[in-house]
Structures are given as C-alpha cells and as structure tokens.
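One letter stands for each residue in the lines below.
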Amino acid sequence: MKSIVLTVTVLCASLWAGAQQKQPVYLDLSQPLEKRVENALSLMTTEEKVSLCYAQSKFSSKGVPRLGIPEVWTDDGPHGIREEVLWDEWGGANWTNDSCTAFPALTCLAASFNPKLSLLYGKSIGEEARYRNKTVLLGPGVNIYRTPLNGRNFEYMGEDPYLSSHMVVPYIQGVQSIGVAACVKHFALNNQEEWRGHINVDLSDRALYEIYLPAFKAAVQEAKVWSIMGAYNQFRGEHCCHNDLLLNKILKNDWKFDGVVISDWGGVHSTDQAVKNGLDLEMGTYTDGLTTNGKFPYSDYYLAKPFLKGIKEGKYDIALLDDKARRILRLIFRTTMSANRPYGRFVSPEHSEAARKIAEEGIVLLKNDKQFFPIGSGKYKKIAVIGENADRSLVVGGGSSSLKVAYEKSPLEGLIAKYGKDHITYSLGYASGPALYGREEPSKLNADSLINAAVEVAKQADVVFFIGGLNKNHFQDCEGGDRKSLSLPFGQDKLIDALLKVNKNTAVVLLSGNAVSMPWINKVPAIIQGWYLGSEAGNALAEVISGEVNPSGKLPFSFSKKLEDNAAHFYGKISYPGDSINQYYKEDILVGYRWFDTKKIAPQYPFGYGLSYTSFNLGTLSTNKSVYSKEDVIKVRFTVKNTGARYGAEVAQLYVNDPVCSVSRPVKELKAFEKVFLQPGETKVVEMDVKVSDLAFYDESRKDWNVEAGDFILQLGNSSGNISQKLKITVK
Ligand code: BGC
C-alpha cells in the first residue's frame, strides 16, 4: 500500500514538474532596469550567457531567442549609417533601402566649437541608426590628433583634450536619446594607423591622464556612454581590447563604466586575456578580411567555445561571465528592449539641414587678403573651378567610415547652383587614382596635360577657385595606413604654382581631415579649410564663399609649417611611428599647441584659429575674486562685440598657465570656450565657470590630480596664437 502511494506521489510530482517545464518562461519586464537585467540573467543557461559575448555575423551578435532577447546590431559610424554588408564579409549586400545622409566628418564638427551642433549631430545620426534598426552606432572617435600623418584624424575631434571632451559629450547624449548606444572609440592610444594592429605604445602616466584619456572619461562619466571600443594597438605590453590597466582598472574600476567593452574588429588575440582583462563582446575576429578571407566559425572565437570550456572546467570564475552578460543585457534593455524607445527617421529634410548647418559652421577661413571672400553672385563673370575634389565623392573610401549616400552635393554643383552654369568653367587639374582600400594606385591620366588644360581655363577667368586637398584613398585620409608626407599629393603644389603664374586671383580651398604644408601660402590671396563636409558639402561651401554664411569655424588642431615641427616627429622614429614593435610618446604632454607655444615654434596656423567676414572685440576680462581656494569656481566675465558690418560668430577661448609649478606645464591649456553669435554692432556679456580643480596637473608621485597653490595666468583670446588679455589669479 505504502509503495503504491509513493509511486503515485512520484508520478504526480514528475507529471507536475513536466507541466511546469512546459510553461513558457517570461522575462519580468515590470521592474526597473537593473532588476530586469538580474531577472534575465537568472533565467539563462551558461551556454546562453557565453553566446552573448561574441559575434554571429560581421556586425551583429546573438540575443537569447528562447527568452525573446533581441540580437545586437552594430554599425559604423561615425559620420553616417554604413550600408548593410554581407553576413560574413565586409562587402556591401546591395540592399536598396540603406543609402544614408552623410554628416560632416568629426574634424569639421570639432571645428564648429559649438556643442549645440554636436547634440544636433548626435540626435540626427541617432535617428538614422534607429530607423535602420541598429542597436549600437560605432562612434564617435576621440583619439587625439598627435601627428598630421595619422590616416584617421578626420574621424576624430582634434588635438585638445578639453575641446574633444566638450564636443563628444553632447554627440553621445544625442545618439543615446534616440535609444541607440554610442560606442566611443578607439580606447586608447590609437593615434596612428601605421602598425596599428600590434604597435606597443608607452608614455608617461601624466600624458596618458592629461592628454589621451580625458575625452573617454567625459564620454563615460558625463555622457554615460553605453559602449566603448577597444583599440587595435598595444599599451604597455597588452593589446588594448584586453588590457587590464585600461579596461579593468581605469575604465571599469576608477570610472565606474557600466556599459559594454566591444573589441575592435579583429582586435582580440587571447581567450585568457579577453576573459580576464575587461573585454565583453568580441567582434570581427579572423573572418574579417583584415588578415585573411578564410572562414573561421564564430563558435571558434576566443570568447566562444574556449570560454565555455574554461567555465565548465572551472578555469574561469562564473562571475567573469556573469559580468559580461550583465553588461550586454543592460545595453539591450537600454536600447532595443527599452519600452519608450523613440522611432527614427532616415534621410529626412531635417537631417540634410543639420548636415548643412554643421558643415557651414565648421568651415575655417584661413586667409583672406583684401577681403577676397565673400564673392557675391554677379561680382565675376568668369569663374574657373579647378581641382579633383570639386567634383569627386569624398564620402566614399577612407575605411570603415565609407558611406553609401542618398545624395552628395559636390562643391562644383554647389558653385554652379550659386553662380549659374554659364559663369563657371571646370577643369580637373590633377588626378588621383581610384579610391581603393589597402593599396595606392596612381591615376592613368597624364599630369602635365591636366595642368596645361587647367592653366588655359585659369587664364581666361576673372577668378580661380582651386579645390583640392586630400581624399579617402589609401595613404591619404584613410584607415589602415598613414600619410607619407605633409605635402599635398598628386602634384597639387605644382598645379597651384602654375595657376598663380597665369592668374593671381586664385584662392585655395582644401578638403581634408589633416593639415597639409602650404609652400604657396604667401602667393595666394585666400585659403579655406573645408574638411569632409558630407551630403551638403557643395551647398555649405557655396554659402560661405558667396557670403550668405559668415565663416565661424576654428582649427581643432595646429597646422605646422613642416612635418618636423610637430612634437611627435621631433624625437625621431621611436616617437613616431615606433621601431615597428615599440613606440614611446617622447613629447609627453606637449601635444599640438602645447608644444608649439611652449617650445616657441611658430605654427603655420595655430589651434583655435579662424577668420570671419566681420570683426570682433573681446572686452575687459574680469573674475569674481582674485584669490581662490581649491574648491572654488572661478567666475570669468567679459564682453564680445561685433565691430564689423555683418552678422557672425566669434569663439572666445580661455587658456590657463601655471607659471611656477613643481612640474613643467604648458604655456597654454584650454579651459573654457564659448561661441558667441552677434548682429553687427551687438555686444554680449560672456560668463565662464572654471573649477579651480580643473587647473590641476596629473601628479605621478601621488598618482592623482594636483593643484599647487600659487599664481595662475588666465589668457583670453580668439585662438591659441592670439591672446588679447591676461589676468593673474591666486590659488591658496
Ligand atoms: C575600425 C573600427 C570600425 C570597425 C567595424 C575597424 O577596422 O577600426 O573603427 O568600427 O572596423 O567596421
């Protein structure tokens, strides 16, 4: 009897358990985000957790299908939404619904010195990403402009940690306000493309903290970025995608980053390090076409089978896996599984408008003798437009930021629309080869014939616009290689000389993401630095050239006269590009204008420089006190007046110097800036807050920031090279 009861009980119990198992498992979505993460994690198997940590295709990773947790879809970034590619390859998938708006390159955004535009940029590109159903936008990039040869400078925000920090934060906030994760990259010290996959960078802690980390820190702590991409290179002997110091200690422990560390594509090299040193999501390993086109199943990724095996064998603590899975789940709940995620839009008129505004505000007028510009329509009958960049796509090429666009208005089209086609004659003048990634191919056209034809056109013209610069070819502004020299390529210097011989009324417009040398600088009346301006390039340039828009961009990096004048090139090969294995940043904290000013080397054009069609006056600089304690905020005040006859904007810049300090400090460090828009004759009061703690240097002996008591000199100007006022304050 007893045994019958027992059997029935066991039978009932197992039937009940079976029925229980068949109940579908639902996530509890009613809870706050962290509880949802824990709930999801508690329902997942070890296999499911591991499967979150590596790619399933070129740009995506798995979700948890059983629980309804969606896949993660990443996409480049940072200037537009990259076209769909094939499942396993870099090649385009030839979809017909993915031609995007191209926004100006980040160098141009930085040159606007306008954080409001950065927010607009972020929102607009976030909406494009959202419409294309992307979870993560692979950008923005904030690697510091250390050398003008770096092939990827155009994707970054210049040489100054303060400027890049203040421009990157609103971009990220904008993107993430649309429910798309930004992925700030490339963390860290990916300041050149040469040997990027292995070069082992070292530098002082002071340079690391003062120059190379601040923009990433701002992205994490102020913008609360949801993901970050590790860099390809090594730092102190470990690849940055699994670097204990960078990822575990600085990023996750000190900065309390709670998002996902994503590897750069193919940047992972070891299971052990990937597991232990802070990587969360492995992308792009080996099937990537970077090193081989051979197949390498995703399940063989470092964080796939080998990771699972290690967990099962007890080699890796399950807490390491839970931490990665938790971060990835958090990202998914913040984006695709967020209940109030906004909708996106794609190639909308508002996005074109945003792209044009950013382009217009980023264009920098470098030289303008005798008010050469603006040139209103009707001023000249015959306008010669010379140069390949006037008529070439500058959104295609350059590596991962290459875009398939809905439209791209070229400078030539913009100028024709502005001045009328009867007034414009175009000649190519020089030619580069085809835009190839991975190799350089010269043009098959004859250089001398191109020059002769352009000279004939220039001779007949009242005015000549030469539109050249760099392009997105390999060894120009392009990922995967550095430029070979500071000079303009494809014989442009020779062409400019030839044009000037027959027509002195020749202006130079440079489209590039890097500084170039200008041997013809004293012979040309006017120069415009026009960056890569995206879909609205031609419209924006024509508005500035014709004066509908008054230029207000400022250089986000110094232009040197010659390559050797740059800090990175001063100390020989070990400093740039390294000895092929190791590299040491010998210039230390003296990057960009910090170097030029402190070493008294005159740049061609200084950081923060840019002209306007009107003129401005910066009024008397004053502060709320003259003696401060270390906890205080310095309240700075002055006026800006538009003293000319046109509406325009000036960027007031406040630099600080600490003349007596236990360590040597740069002559200038940017601590605040403000872009002020003014009608003719108008005056505005500007107030800036500078925390005394922001005057600190990174003290290696204390491993912490330190403000030493003493005098500090505030310097107000409209570029690092033009300080109009100084004021001494004291810190007790
Ligand atoms: C680049 C990244 C990019 C990734 C995916 C890498 O080669 O360094 O910036 O996001 O590819 O395209």
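Model, not experiment: these values are computed from the prediction.

1. Notes on the overall build of the protein chain
Here is step 1 of the chain: Helices and strands together make up the secondary structure of the protein chain, namely 19 helices and 27 strands.
Here is step 2 of the chain: Taking 732 residues into account, the globule formula puts the C-alpha radius of gyration at 27 Å, and the protein chain, at 28 Å, falls close to it.
Here is step 3 of the chain: Residues counted as buried form 61% of the 732 residues belonging to the protein chain.
Here is step 4 of the chain: Pairs at least 24 residues apart make up 76% of the contacts formed inside the protein chain by residues separated by at least 6 positions.
Here is step 5 of the chain: A distance of 2 Å separates the average location of the 85 positive side-chain charges in the protein chain from that of its 82 negative side-chain charges.

2. As for the pattern of salt bridges
Here is step 1 of the chain: Tallied over the entire structure, the rule returns 52 salt bridges.
Here is step 2 of the chain: Between K134 and D75 there is a salt bridge; the shortest N-O distance is 3.9 Å. Here D75 lies in strand β2 (residues 72–75) and K134 lies in the loop between α5 (115–131) and β3 (136–137), a separation of 59 residues in the sequence. Across this residue pair, the class does not change: K134 and D75 are buried.
Here is step 3 of the chain: A salt bridge links R236 to D202; the shortest N-O distance between them is 2.8 Å. You can see R236 sitting in the loop between β7 (234–235) and β8 (238–239) and its partner D202 sitting in strand β5 (residues 200–202), a full 34 residues away along the chain.
Here is step 4 of the chain: Overall, the relative accessible area of 36% leaves R236 in the partly exposed class.
Here is step 5 of the chain: Look at the salt bridges and you will find they share partners, linking R152, E155, E193, R196 and E479 into a network.

3. Considerations on the site of the ligand
Here is step 1 of the chain: Near the ligand lie 15 residues; those nearest to it are D76, R152, H186, Y232 and D264.
Here is step 2 of the chain: Between the ligand and R152 there is a distance of 2.8 Å, counted from an oxygen atom to a side-chain nitrogen or oxygen.
Here is step 3 of the chain: A distance of 2.7 Å is found between an oxygen atom of the ligand and a side-chain nitrogen or oxygen belonging to Y232.
Here is step 4 of the chain: Contact with the protein chains removes 99% of the 310 Å² of surface that the ligand exposes when unbound.
Here is step 5 of the chain: Within the shell around the ligand, the residues separate by chemical class into 6 nonpolar, 2 polar and 7 charged.

4. Observations regarding the packing of aromatic side chains
Here is step 1 of the chain: Evaluated as defined, the whole model comprises 31 aromatic pairs.
Here is step 2 of the chain: With centroids separated by 5.0 Å and ring planes inclined at 65°, the aromatic side chains of F187 and F216 adopt a geometry described as edge-to-face. Here F187, found in strand β4 (residues 181–187), pairs with F216, found in helix α8 (residues 214–221); they are 29 residues apart in sequence, far enough to count as distant.
Here is step 3 of the chain: Relative to F373, the ring of F372 lies with its centre 4.9 Å away and its plane at 85°, an arrangement referred to as edge-to-face.
Here is step 4 of the chain: F373 gets classed as buried once you look at its relative accessible area, which sits at 1%.
Here is step 5 of the chain: These aromatic residues form a ring-pair network of at least three members: F113, Y162, Y593, F607, Y655 and F673.

5. Some details on the sheet that holds β5
Here is step 1 of the chain: Sheet architecture is open: 4 strands sit in the order β8-β7-β5-β16, paired in mixed fashion. Pairing within the sheet leaves two strands with one partner each, and these edge strands are β8 and β16 (582–584).

6. Re the domain arrangement of the protein chain
Here is step 1 of the chain: With domains assigned, the protein chain is organised as domain 1 (31–69 + 227–334), domain 2 (349–556) and domain 3 (614–731).
Here is step 2 of the chain: A separation of 35 Å is found between the C-alpha centroids of domain 2 and domain 3.
Here is step 3 of the chain: Counting from both sides, the interface comprises 6 residues of domain 2 and, opposite them, 11 residues of domain 3.
Here is step 4 of the chain: Looking only at domain 2, the three residues that lose the most surface to domain 3 are N550, S552 and K554, adding up to 69% of its buried area.
Here is step 5 of the chain: Put simply, E361 and K675 hold a salt bridge, and the shortest N to O gap is 2.9 Å.
Here is step 6 of the chain: Across the contact surface, domain 2 and domain 3 share 6 residue pairs in polar contact (both at pLDDT 80 or more).
Here is step 7 of the chain: Of the residues assigned to the side of domain 2 that touches domain 3, the class counts are 1 nonpolar, 3 polar and 2 charged.

7. With respect to the state of the cysteines
Here is step 1 of the chain: Inspection of the entire model under this criterion finds 0 disulfides.
Here is step 2 of the chain: Of all cysteine sulfurs in the structure, the one in C241 sits closest to C53, which takes part in no disulfide; the separation is 15 Å.
Here is step 3 of the chain: Assessed through its relative accessible area of 0%, C53 is described here as buried.

8. Let's talk about the sheet that holds strand β19 (residues 627–628)
Here is step 1 of the chain: What the 5 strands build is an open sheet, ordered β19-β27-β26-β21-β22; its pairing is mixed. Strand pairing shows two members of the sheet lacking a second neighbour, β19 and β22 (669–678), which therefore form its edges.
Here is step 2 of the chain: Judged from the 9 bridges that link them, strand β26 (residues 710–719) and strand β27 (residues 722–731) form a sheet pairing that is antiparallel. Bridge assignment links Q715 to a residue of β27, and that residue is K726.

9. What about empty space enclosed by the protein?
Here is step 1 of the chain: Counted by the stated rule, this structure contains 5 cavities of 30 Å³ or more.
Here is step 2 of the chain: Estimates place the volume of the largest cavity at around 80 Å³.
Here is step 3 of the chain: Along the walls of the largest cavity sit Y145, R146, T147, P148, E159, S558, N566, A567, V591, G592 and F596, which together make up its complete lining.

10. Quick word on the environment of N243
Here is step 1 of the chain: Relative to the helices and strands, N243 is located in the loop between β8 and α9 (244–254).
Here is step 2 of the chain: The sequence separation of N243 and N277 amounts to 34 residues, and the corresponding C-alpha distance is 5.5 Å.
Here is step 3 of the chain: Beyond its immediate stretch of four places on either side in the chain, N243 contacts F235, E238, N248 and N277.
Here is step 4 of the chain: For N243, the side chain forms a polar contact with the main-chain oxygen of E238, separated by 3.0 Å.

Rules used throughout
- Residues numbered from 1 in each chain as written.
- Predicted model: local features only at pLDDT ≥ 70, side-chain atom pairs only at ≥ 80, totals over all residues.
- Heavy atoms only, no water.
- Helix = DSSP H or I, 4+ residues; strand = E, 2+ residues; numbered from the N terminus.
- Rg over C-alpha atoms; globule rule 2.2 N^0.38 Å.
- Buried < 20%, exposed > 50% of the residue type's maximum accessible area, 1.4 Å probe, protein only.
- Contact = heavy atoms within 4.5 Å.
- Lys, Arg positive; Asp, Glu negative; His and termini not counted.
- Charge placed at Lys NZ, Arg CZ, Asp CG, Glu CD.
- Salt bridge = Lys/Arg side-chain N within 4 Å of Asp/Glu carboxyl O.
- Near = heavy atom within 4 Å.
- Polar contact = N/O pair within 3.5 Å; in protein donor to acceptor, adjacent residues only side chain to side chain.
- Areas by Shrake-Rupley, 256 points an atom, 1.4 Å probe, with all protein chains shown as cover.
- Nonpolar A, V, L, I, M, F, W, Y, C, P; charged D, E, K, R; others polar.
- Phe/Tyr/Trp six-rings, centres within 6.5 Å; stacked < 30°, edge-to-face > 60°.
- Pairing = 2+ DSSP bridges.
- Domains from an automatic or database assignment.
- Buried area = accessible area lost by both parts, 1.4 Å probe.
- Disulfide = S-S within 2.5 Å.
- 1 Å grid on protein atoms, 1.4 Å probe; cavity = no way out; pocket = protein on both sides within 12 Å on 5 of 7 lines; lining within 4 Å.
- Points joined across faces, edges and corners; volume = space filled by probe spheres on them.

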